[in-house]
Amino acid sequence: MGKLLKIENLSKEGILSSVSFEMEEGEMLAVMGPSGSGKSTLLYQAAGMDAPSGGRVWLKETEITGLDEDGKAALRLHRMGFVFQQMNMLANLNILDNILLPAIQAERSRRRKTGVSRDVKGCANHGMNANRGRDVKECANRGMNANRSRDVKEGANRGMNANRSRGAKKRGPGKSVEELTQEARALMEKLGLSGLEQRRITQVSGGQLQRACICRSMMNSPEILFADEPTGALNQSAAKEVMEELMKLNREGTAILMVTHDSKVAGCCERILYLLDGRIRGELRLGKMTAGADNRNPKKMTGGADNRNPGKSAAGAGTLNPGGEEFWAEKQREKKVKEWLSRMGW
């Protein structure tokens, strides 16, 4: 695998100072450090959502810091995904339509670039609310996976729900709304969310909502997923569910750059950077956490996990196969992270 993300001397006055590192394709990397150390600022600058005062950022061959705002927004829309601690979903849309937002906007963008005169329509309450008597508004949201400070833009989408046979046809190259909807439903099924398509964001659990955010972030098949404290607002059980899904996506090839305070979450990553006072002070390499059956043998997991007391029972909700070797291998990674953080002074 080649280099995916390159950060070179990235600085932000008073927050970051000459931060440099690289990420490989398919890597899962965590950034840790005390509050105020610059972790989230680093994440947002790496994604082009915040302008640095110095330094450069590349996503493969594209220099993000050399793009204008429209170029950065397009890059985020087509090549990046985002999962935030605050889910940033729209309360007036159901779960399915929230997931569809970035894909709809990406398709509109592609059609504008290829000169297709008619955009993909819709994203609000597809098929489920077909009997509505009023027009439905389309949410053209460049900011959902782009600049969070921008307002969500709305455009008029007349008649989309009045007749699903219209608008399901392809308009030039690309995908129809029906095809995008099928892909969104498939992602929801994959992440255990089938049956929740029509629910509002207030009608699902925190873990379900965060998994819906992961679905939304994956609609455009991003090369890299940026996650800012993705489990920070969740209880132990919901956090475990979310991390399992992120690990599955990573095993399928999606790179993940994550900010977290949780040593258990960081222990799921291949590599951890420790940030203090805006500088990288240390690095821990754990190696890839293997999946499923392979993980039952912790000797196959890199990072120094061992097989002590594999049959001993363990208490506590949200643990991974309590009493089994997989559970103890995970605990060993978490222990290694905690010991390393202690040496770093945290």
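Look up a bit, the structure's there.
Reference entry: report on the structure contained in this document. (Residues numbered from 1 in each chain as written. Predicted model: local features only at pLDDT ≥ 70, side-chain atom pairs only at ≥ 80, totals over all residues. Heavy atoms only, no water.)

**Remarks on the overall build of the protein**
- Looking only at helices and strands, the protein has eight helices and twelve strands in total.
- Expressed as a percentage of the 346 residues in the protein, the buried residues total 52%.
- The long-range share in the protein, meaning contacts at least 24 apart out of those at least 6 apart in sequence, stands at 68%.
- Counting every atom, the protein has about 15000 Å² of accessible surface; 45% of that belongs to carbon and sulfur. (Helix = DSSP H or I, 4+ residues; strand = E, 2+ residues; numbered from the N terminus. Buried < 20%, exposed > 50% of the residue type's maximum accessible area, 1.4 Å probe, protein only. Contact = heavy atoms within 4.5 Å. Areas by Shrake-Rupley, 256 points an atom, 1.4 Å probe, with all protein chains shown as cover.)

**Focus: the sheet that holds strand E6 (residues 80–84)**
- Strand order in this open sheet of six strands is E6-E9-E10-E3-E11-E12, and the pairing throughout is mixed. The sheet terminates laterally at E6 and strand E12 (279–285), the two strands that pair on one side only. With direction set aside, neighbouring strand axes in the sheet form an average angle of 20 degrees.
- Pairing of E6 with strand E9 (residues 224–228), which is carried by five bridges, proceeds in the parallel orientation. Note that in E9 the partner of Phe 84 across the bridge is Asp 228.
- On the sheet, helix H2 (residues 69–79) packs against E6 and E9 and is oriented at approximately 85 degrees with respect to E6. (Pairing = 2+ DSSP bridges. Axes fitted to C-alpha atoms, helices over the stretch in contact; angles between N-to-C directions.)

**Remarks on the state of the cysteines**
- Under the definition given, this model contains zero disulfides.
- Cys 215 provides the cysteine sulfur closest to Cys 213, a residue in no disulfide bond, and the two sulfurs are 9.2 Å apart.
- The cysteine Cys 269 is free of any disulfide, with Cys 268 supplying the nearest cysteine sulfur at 6.6 Å.
- When its relative accessible area of 0% is taken as the criterion, Cys 269 is described as buried. (Disulfide = S-S within 2.5 Å.)

**Things to note about the nonpolar core**
- Counting residues in each nonpolar core, the largest one holds 53 residues, and the members touching the most others are Leu 246, Met 258 and Ile 272.
- If one sorts the elements of this core by residue count, helix H6 (residues 236–251) sits on top with seven residues.
- If near-sequence neighbours (up to four positions away) are discounted, Met 258 is found in contact with Met 28, Leu 29, Ala 30, Val 31, Ala 227, Pro 230, Met 243, Leu 246, Val 265 and Cys 269.
- Counting residues in each nonpolar core, the second largest holds 29 residues, with Leu 16, Val 19, Phe 21 and Met 80 among its members. (Core = buried A, V, L, I, M, F, W, Y, C linked by side-chain atoms within 4.5 Å.)

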